[in-house]
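The chain contents come next:
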Amino acid sequence: MNRLNQLFAAKKNNLLSIYYTAGYPALNTTVDIAEALEKAGADFLEVGFPYSDPVADGPTIQHSSEQALINGMTLDHLFGELTELRKRVTIPILLMGYFNPIVQYGIERFCKKAAELGVDGVIVPDLPMYEYEALYSAHFINNNLSNIFLVTPQTSPDRIRKIDELSNSFIYLLSSSSITGGSLQLTNSIEDYYKRIKAMDLKNPTIIGFGISDNATFKKACEYANGAIVGSKFVKLLAEQDYMSKIPAFIQSIR
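Residues numbered from 1 in each chain as written. Predicted model: local features only at pLDDT ≥ 70, side-chain atom pairs only at ≥ 80, totals over all residues. Heavy atoms only, no water.

Colleague: Whenever I open this one, the pattern of salt bridges confuses me. Can you help?
Modeller: When the charged atoms of two side chains lie near each other, side chains of opposite charge can form a pair. Inspection of every chain in the model, using the stated rule, returns 14 salt bridges. Of the charged contacts in the structure, one is a salt bridge between Arg 3 and Asp 120, with a shortest N-O distance of 2.7 Å. Of this pair, Arg 3 sits in helix H1 (residues 3–10) while Asp 120 sits in the loop between helix H7 (107–116) and strand E4 (121–123), placing them 117 residues apart in sequence. Exposure remark for Arg 3: the relative accessible area of 29% places this residue in the partly exposed category. The residue Asp 120 makes a salt bridge to Arg 86 at a minimum N-O spacing of 3.0 Å. (Salt bridge = Lys/Arg side-chain N within 4 Å of Asp/Glu carboxyl O. Helix = DSSP H or I, 4+ residues; strand = E, 2+ residues; numbered from the N terminus. Buried < 20%, exposed > 50% of the residue type's maximum accessible area, 1.4 Å probe, protein only.)

Listed below in structure tokens is the structure:
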């Protein structure tokens, strides 16, 4: 049982996760920001590793990734920063990024190194389910790393059941099929989608992401899932002066 499993066993509702990009706004801030978010009350964190050709990121997170790459962020550098992680941060940590950098690093090597540094799970939006199951799942399982699958409003019930079968911590529900940085739109079809997922009584908890930016959208998402993820709104905060001192108020504003 990793930290994610322990968290979901202990807390069933209103879980708040924050996403931010490693290397933004500057190198060597990843653990400082994680520590500040834990102290402010975040339940778990998603640390993005930047990639030059993202497919699911909106303008805000794309910009943070571009700047992080300019700053010199690489997987090797990120892993170097994370050597301090478990000396200062106790909440679950996931890495989120695209498959290409992981393949270049070496998938087995990536999983082993992430686990060694205290990472609890990985979100790779462009890793197909079949390839994960057939080729790579052993690397994740052997290192006690959770692989988080994404579900969209268009995902079929059969595929959702398969995702639930392969998952061992939580399932990431996208609030739309769009990119990050929009706002939560609760149309009848989206509400039907959330209700449909809830009615499936999945064995894994669900967390809603994309479009969660304030207390209203967080509370609304928590009506249908175990918690929600804030990304772009927090990344915008990191562009402000003296952003570290503003993190407690930011978390309070979401809760």
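Colleague: Is there a simple way to think about the environment of Pro 101 in this case?
Modeller: By secondary structure assignment, the location of Pro 101 is in helix H6 (residues 99–105). The class of Pro 101 is buried, set by a relative accessible area of 15%. With 49 residues separating them in the primary sequence, Pro 101 and Ser 52 have C-alpha atoms 9.8 Å apart. In contact with Pro 101, not counting residues within four places along its chain, are Phe 49, Tyr 51 and Leu 75. (Contact = heavy atoms within 4.5 Å.)

Colleague: What should I look at first to understand the packing of aromatic side chains in this one?
Modeller: According to the stated counting rule, one finds 16 aromatic pairs in the structure shown. Relative to Tyr 194, the ring of Tyr 193 has its centre 5.1 Å away and its plane inclined at 35 degrees; by these criteria the two rings are tilted. Judged by its relative accessible area of 2%, Tyr 193 is buried. Using a relative accessible area of 1% as the deciding quantity, one classes Tyr 194 as buried. A network of ring pairs unites the aromatic residues Phe 49, Phe 79, Tyr 105 and Phe 110 as a single cluster. When the ring centre of Tyr 105 is taken as reference, the NZ or CZ atom of Arg 109 above it lies at 3.9 Å. (Phe/Tyr/Trp six-rings, centres within 6.5 Å; stacked < 30°, edge-to-face > 60°. Lys NZ or Arg CZ within 6 Å of the ring centre and 35° of its normal.)

Colleague: I tried to follow the pairing of strand E8 (residues 206–209) on my own but got confused; where do I start?
Modeller: The side chains of a regular strand alternate between both faces of the sheet. Of the two faces of E8, the one holding Thr 206 and Ile 208 and the one holding Ile 207 and Gly 209 are both buried throughout. Pairing between E8 and strand E9 (residues 227–230): two bridges, direction parallel. Within E9, the position partnered with Ile 208 by the bridge is Ala 228. Assessed by its sense of winding, the connection that carries the chain from E8 through helix H11 (residues 215–224) to E9 is right-handed. (Pairing = 2+ DSSP bridges. Right-handed = clockwise from strand over helix to strand, strands pointing away.)

Colleague: I tried to follow the nonpolar core on my own but got confused; where do I start?
Modeller: Looking at soluble globular proteins, one finds that nonpolar side chains tend to be buried together. One finds Ile 18, Leu 37, Leu 95, Phe 110 and Phe 234 to be the most contacted residues of the largest nonpolar core, which totals 91 residues. Apart from the residues within four sequence positions on either side, Leu 37 is in contact with Ile 18, Tyr 20, Ala 42, Leu 45, Phe 234, Ile 247 and Ile 251. (Core = buried A, V, L, I, M, F, W, Y, C linked by side-chain atoms within 4.5 Å.)

Colleague: Any chance you could explain the pairing of strand E2 (residues 44–48) here in plain terms?
Modeller: Extensive coverage of E2 is indicated by the burial of five of its five residues. Neither face of E2 is open: one carries Phe 44, Glu 46 and Gly 48, the other Leu 45 and Val 47, and all of them are buried. Direction of pairing for strand E1 (residues 15–21) relative to E2: parallel, over a ladder of five bridges. If you follow Thr 21 over to E2, its bridge partner there is Gly 48. Judged from the four bridges that link them, E2 and strand E3 (residues 93–96) form a sheet pairing that is parallel. If you follow Gly 48 over to E3, its bridge partner there is Met 96.

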